[in-house]
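# Overview (structure and organization)
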Amino acid sequence: MREQLLELKEEVLKKLKECADNTDIEKVRIQCLGKKGDLTAILRSMGGLSEEERPEIGKLANEVRAIIEEEMRVIKDRISSLESSKKVKSEIIDITMPGRVPEIGRRHPLLQAKEELESVFMRMGYDVVSGPEVETVANNFDDLNAPYDHPSRDWSDTFYISDDLILRTHTSPVQVRTMREAVKENKLPVRAVCTGRTFRFDDVDDTHSPMFHQMECIVVDKGVTLANLKDSIDQFVKELFGNNVTTRFRPHNFPFTEPSAEVDVSCHICMGKGCSSCRGTGWSMELLGCGMIHPNVLRNCGIDPEIYSGYAFGMGIDRVTMVKYGIPNIRLLFENDVRFLKQF
């Protein structure tokens, strides 16, 4: 058995010297030291040795194993060093080559429109406020005078988290929070705007998306009239789109304002003359909804409608962006196609 162990050692050391990579080394290791390997088979046959021979052969077997394992380690290190050297040589940097100019990113058109809107209203004396995207049903519907049978309350129209919590369907709940805070801290009158994301089950055409951005504007003071509302909207539209753009107010119905209206702006391409973009009407898409704050909403926020009045209007920032930059499909704003975004 002594001769078997010595012969095995020489044979394995010879095979290790012929190994070209770690895969070859692993094959030799399994053949020699594995559960069914040659050395393991020799050790299993030690039961037939005498008591005097066993310690001597066991010691020799351990020495053979140690020599083989050490040789494997040395050869692995040598192969690893050679591979690293080859890799370094193949990755040599030519410092004379021209460098790559990093591409400068651009502000997303939605973000540009949002910041421009906030800037316009801040110049007009409005404060910029914010509110949570996860809202209570009370703030989103009840306190805004929305009747219980209003279609927007349906599970098919609104993303419900629970019976009492939803993803806000508009930024109007912020006006409820703002008015309550103003009453609590005795900071009436109020002039504020809020921008942010809103959510609805709405994907019917190229101008609608389940997630979109809105801006809510609110003014509460003594003696506020519909004339103030119309003048503020006209001023904001001209600030945003230019002095040549005109507005059109159409009667509408919103539960949280009375009277209410929808506002269109003249087509930015034909300037009201009529073209294929506006389908010959001279008017672009509906820009915003507006109206005088309903007395019930004022009462729900702790404000006496006999003393104070106010107006509110809200718009989709996505639609403003589409009108401003002539974007035909709202989905382009969310696909993040670099070729599209490079235009802005």
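As the structure is a computational prediction, the values presented were derived from the model and not from experiment. (Residues numbered from 1 in each chain as written. Predicted model: local features only at pLDDT ≥ 70, side-chain atom pairs only at ≥ 80, totals over all residues. Heavy atoms only, no water.)

### Observations regarding the overall build of the protein chain
As a reminder of what qualifies: Under the DSSP-based scheme used, a helix requires at least four consecutive residues in state H or I and a strand at least two consecutive residues in state E, with every element numbered from the N terminus. The atom set for the radius of gyration is the C-alpha atoms, and the globule formula is 2.2 Å times the number of residues raised to the power 0.38. Each residue is assigned to one of three classes by its accessible area relative to the maximum for its type, calculated with a 1.4 Å probe on protein chains only: buried under 20%, partly exposed between the two thresholds, exposed over 50%. By the convention used here, residues are in contact when the closest approach between their heavy atoms is within 4.5 Å. Per-residue and other accessible areas were derived by the Shrake-Rupley procedure at a 1.4 Å probe size, with only the shown protein chains allowed to occlude residues.
Scanning the protein chain from N- to C-terminus turns up twelve helices and nine strands. Scaling as 2.2 N^0.38, a compact globule of 344 residues should have a C-alpha radius of gyration of about 20 Å, whereas the protein chain reaches 39 Å, well beyond that. If you line up the protein chain on its principal axes, its C-alpha atoms span 115 × 55 × 35 Å. Per-residue burial over the protein chain gives 42% buried out of 344 residues. Partitioning the intrachain contacts of the protein chain with sequence separation of at least 6 by distance along the chain shows that 68% fall at a separation of at least 24. Of the roughly 19700 Å² of accessible surface on the protein chain, a fraction of 51% belongs to carbon and sulfur atoms.

### Things to note about the packing of helix α5 (residues 109–123) against helix α8 (residues 226–241)
Convention followed: Only the contacting stretch of a helix is used when fitting its axis, a line to C-alpha atoms as for every element, and angles between N-to-C directions run 0 to 180 degrees. Relative orientations are named as follows: roughly parallel for angles under 35 degrees, roughly antiparallel for angles over 145 degrees, roughly perpendicular for angles from 65 to 115 degrees, and oblique for any other angle. Crossing handedness is read from the near helix: turned anticlockwise from the far helix by less than a right angle, it gives a left-handed crossing, and turned clockwise, a right-handed one. Gly is placed with the polar residues, together with every amino acid not listed as nonpolar (Ala, Val, Leu, Ile, Met, Phe, Trp, Tyr, Cys and Pro) or charged (Asp, Glu, Lys and Arg).
Close contact between α5 and α8 brings their axes to 10 Å; oriented N to C, the two are set at 130°. Taken together, the axes of α5 and α8 are oblique relative to one another. α8 is crossed by α5, and the crossing has right-handed handedness. Two secondary-structure elements touch here, α5 through Glu 116, Leu 117, Val 120, Phe 121 and Arg 123 and α8 through Phe 236, Glu 239 and Leu 240. Taken together, the residues that form the contact of α5 with α8 break down as five nonpolar, no polar and three charged.

### Comments concerning the pairing of strand β9 (residues 309–316)
Across a regular strand the side chains alternate sides, sitting on one face of the sheet and then on the other. The buried fraction of β9 is high, at eight of eight residues. Residues Ser 309, Tyr 311, Phe 313 and Met 315 point to one face of β9 and Gly 310, Ala 312, Gly 314 and Gly 316 to the other, with burial holding for every one of them.

### Description of unusual backbone geometry
For the bond running from Leu 188 to Pro 189, omega is 5°, close enough to zero to count as cis. As for its placement among the helices and strands, Pro 189 is situated in the loop between α7 (173–184) and β4 (190–199). Following Glu 258, the chain continues to Pro 259 via a peptide bond in cis, the omega torsion being 0°. Within the secondary structure, Pro 259 is located in strand β7 (residues 257–266). With a phi close to 70°, Asn 145 is a non-glycine residue in the positive phi region. Tracing the backbone through its elements, the reader meets Asn 145 in the loop between α6 (137–140) and β3 (165–167). With a relative accessible area of 23%, Asn 145 lands in the partly exposed category. Phi is positive for Asn 186, which is not a glycine, with a value near 55°. Mapped onto the elements, Asn 186 comes out in the loop between α7 and β4.

### Let's talk about the packing of aromatic side chains
To keep it simple, the criterion reads: Centres within 6.5 Å are what make two rings of Phe, Tyr or Trp a pair, Trp counting through its six-membered ring; a difference in plane orientation under 30 degrees is then read as stacked, over 60 as edge-to-face, and the rest as tilted.
For the coordinates displayed, the defined rule picks out ten aromatic pairs. Ring centres of Trp 155 and Tyr 160 lie 4.3 Å apart, and the angle between their planes is 25°; this geometry places the pair in the stacked category. Of the residues examined, Trp 155 reaches a relative accessible area of 55% and is grouped as exposed. Between Tyr 325 and Phe 344, the aromatic rings sit 5.1 Å apart at their centres with planes inclined by 75°, giving edge-to-face as the arrangement. Highlighted residues: Tyr 325 in helix α10 (residues 317–325) and Phe 344 in the segment after α12 (338–341), separated in sequence by 19 residues.

### Overview of a nonpolar patch on the surface
Counted only if it meets this: Exposure above 30% relative accessible area and no salt bridge define the residues that can form patches, which grow by joining like charges within 9 Å and nonpolar side chains of Val, Leu, Ile, Met, Phe, Trp and Tyr within 5 Å. Put simply, a salt bridge is a Lys or Arg side-chain nitrogen that is within 4 Å of an Asp or Glu carboxyl oxygen.
On the surface, Val 134, Ile 161 and Leu 165 cluster together to form a nonpolar patch covering roughly 230 Å² of accessible area. For Val 134, the position within the fold is in strand β2 (residues 134–136).

### Here's the deal with the nonpolar core
Here is the rule we go by: As used here, the term nonpolar core means buried Ala, Val, Leu, Ile, Met, Phe, Trp, Tyr and Cys residues forming a set that is joined through side-chain atoms within 4.5 Å.
Residues Phe 121, Tyr 126, Phe 236, Leu 288, Phe 313 and Met 315 are the most contacted members of the largest nonpolar core, which totals 39 residues. Put simply, the parts of the chain that give this core at least two residues each are α5, β5 (211–221), α8, β7, β8 (283–293), β9, α10 and α12. For this core, the leading source of residues is α8, giving six residues. For Tyr 126, the residues in contact, after removing those within four places along its chain, are Phe 121, Arg 191, Ala 192, Val 193, Cys 217, Ile 218, Val 219, Ser 232, Tyr 311 and Phe 313. With 20 residues, the next largest nonpolar core counts Leu 13, Val 28, Ala 61 and Met 72 among its residues.

### Side note on helix α1 (residues 2–17)
Note the following rule: In a helix, the anticipated span is given by 1.5 Å times the number of residues less one. Starting at the helix axis, one direction is taken to each C-beta atom, and the arc is that of these directions.
With 16 residues, α1 should cover 22 Å at 1.5 Å per step; its first-to-last C-alpha distance of 23 Å lies within 8% of that length. All of the buried residues along α1 are Leu 5, Leu 8, Lys 9, Val 12, Leu 13 and Leu 16. For α1, the angular spread of the buried residues around the axis is 125°, confining them to a single face. Facing away from the buried surface of α1 by more than 90 degrees, the exposed residues are Glu 3, Glu 7, Lys 14 and Lys 17.

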